[in-house]
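As a plain string of letters, each chain reads:
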Amino acid sequence: MKRIAICPGSFDPITNGHIDVIKRTAELFDGVIVAPLNNPSKKPLFSLEEKIELILNCTSDIPNVKVESFSGLLTDFFAVKQAIVVVKGLRAVSDYENELQMAVGNRHLNGKLETLFMPTSTEFSYLSSSMVKEVASLGKTVESWVHPIVSEALEKKYRKHG
Ligand code: PNS
């Protein structure tokens, strides 16, 4: 049986930090499902369709990665996909509190759902989608933080939004 990991997240947009975690997860498991969602507590810049398209472009060189969104609970998606683990990247201690809450909550909902935390590589430890959006919105290049296709998509968004 294939060992499937799920990497869920807002991915608004996907950054090089996310790609780092996805690549390293893909080396550890038979398959990885990257699952972009809209986090209800954050107003997204990119639609789900746009996020999926960007993630597909950024991960096209990793053969065992699929991109699939879902509505509802992660724990239900986890069961339907017969995944064995959820992998979340951790940049710093500040991420830990919220991630721990989600990991414990998910395990409460489904005793089989294990979450593994993967520390992001040090060069990405400060990087966030919010920071990328703020810098891009102010007209600076974010090419060193995101895939060229994402940088282009951000440029288009902010050109359109003024
Ligand atoms: O990148 P984010 O914003 O930290 O991702 C959070 C996300 C989308 C992974 C989380 O909100 C989630 O899993 N949502 C699905 C709904 C769900 O299962 N909520 C209960 C969590 S205990």
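Above this text sits the structure in question.
In this text the structure is predicted, and so the values were computed from the model without any measurement. (Residues numbered from 1 in each chain as written. Predicted model: local features only at pLDDT ≥ 70, side-chain atom pairs only at ≥ 80, totals over all residues. Heavy atoms only, no water.)

K.L.:
Looking at this structure, I do not really get the sheet that holds strand β2 (residues 31-36). What am I missing?
P.N.:
The strands that make up a sheet are held in pairs by hydrogen bonds between backbone atoms, and each pair lies either parallel or antiparallel. On the basis of which strands lie adjacent, the open sheet formed by five strands has the order β3-β2-β1-β4-β5 and parallel pairing. Because the sheet does not close on itself, it has two edges, and the strands there are β3 (65-67) and β5 (115-119). Looking at each pair of strands side by side, their axes are set apart by 30° on average, direction ignored. When strand β1 (residues 4-9) meets strand β4 (residues 85-90), the two strands line up parallel, connected through two bridges. When the bridges of β4 are listed, Ala-5 appears paired with Val-85. Contacts from helix α1 (residues 16-28) reach β1, β2, β3, β4 and β5 within the one sheet, and its direction differs from that of β5 by about 125°. Sitting on the sheet, helix α4 (residues 93-109) is in contact with β4 and β5, with an inclination near 170° to β4. (Pairing = 2+ DSSP bridges. Helix = DSSP H or I, 4+ residues; strand = E, 2+ residues; numbered from the N terminus. Axes fitted to C-alpha atoms, helices over the stretch in contact; angles between N-to-C directions. Contact = heavy atoms within 4.5 Å.)

K.L.:
Looking at this structure, I do not really get the pairing of β4. What am I missing?
P.N.:
Regular strands place their side chains on alternate faces of the sheet. Burial of β4 is extensive: five of the six residues sit out of reach of the surface. In terms of strand pairing, β4 meets β5 through five bridges, oriented parallel. Pairing of Gly-89 across the sheet is with Met-118, part of β5. Taking the sense of rotation as the criterion, the β-α-β connection linking β4, α4 and β5 turns out right-handed. (Buried < 20%, exposed > 50% of the residue type's maximum accessible area, 1.4 Å probe, protein only. Right-handed = clockwise from strand over helix to strand, strands pointing away.)

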